[in-house]
Amino acid sequence: MGKDRKRIVYKKFRQGLIPEELLDEINNDIEQYLQKKAETNERRIKEIVKKRLELGLNITFSENYIKEKVSAIYS
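Everything in this summary refers to the structure shown in the same document. (Residues numbered from 1 in each chain as written. Predicted model: local features only at pLDDT ≥ 70, side-chain atom pairs only at ≥ 80, totals over all residues. Heavy atoms only, no water.)

## Brief notes about the overall build of the protein
When its secondary structure is counted, the protein shows 3 helices and 0 strands. The linear arrangement of helices and strands in the protein, starting from the amino end, is α-α-α. Here the protein has a C-alpha radius of gyration of 18 Å; the compact-globule value for 75 residues is 11 Å, and the former is much larger. Taken over the C-alpha atoms alone, the protein extends approximately 55 × 15 × 15 Å along its principal axes. Buried positions account for 13% of the 75 residues belonging to the protein. Considering only contacts within the protein whose residues lie at least 6 apart along the sequence, 41% involve residues at least 24 apart. For the protein, the accessible area works out to roughly 6400 Å², and carbon and sulfur atoms hold 50% of it. Put simply, the protein has 17 plus and 13 minus side-chain charges, and the middle of one group is 7 Å from the middle of the other. (Helix = DSSP H or I, 4+ residues; strand = E, 2+ residues; numbered from the N terminus. Rg over C-alpha atoms; globule rule 2.2 N^0.38 Å. Buried < 20%, exposed > 50% of the residue type's maximum accessible area, 1.4 Å probe, protein only. Contact = heavy atoms within 4.5 Å. Areas by Shrake-Rupley, 256 points an atom, 1.4 Å probe, with all protein chains shown as cover. Lys, Arg positive; Asp, Glu negative; His and termini not counted. Charge placed at Lys NZ, Arg CZ, Asp CG, Glu CD.)

Laid out in structure tokens, this is it:
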């Protein structure tokens, strides 16, 4: 998703819609946003796993599956 956003920004830059001095700042903002989202999702995944373990439930799904579900829920 981050690369898609950067590609969109670069396309707009090439069309002359984004000034050159803002290009790095926008890309940095995108990186910071994605990092915060990843941290939030990681925290939510840990909470889900912890809750399931507290309830005595087995965790039989992959980490990738959890990440996909959390991303879908909170996107």
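## With respect to the pattern of salt bridges
Under the defined criterion, the tally for this structure stands at 1 salt bridge. Note that Arg 43 is salt-bridged to Glu 47, the shortest N-O span being 3.5 Å. Of this pair, Arg 43 and Glu 47 both sit in helix H2 (residues 20-54), 4 residues apart, roughly one helical turn. Its relative accessible area of 45% is what places Arg 43 among the partly exposed residues. A residue is classified by how much of its surface remains accessible, and Glu 47, at 44% relative accessible area, is partly exposed. (Salt bridge = Lys/Arg side-chain N within 4 Å of Asp/Glu carboxyl O.)

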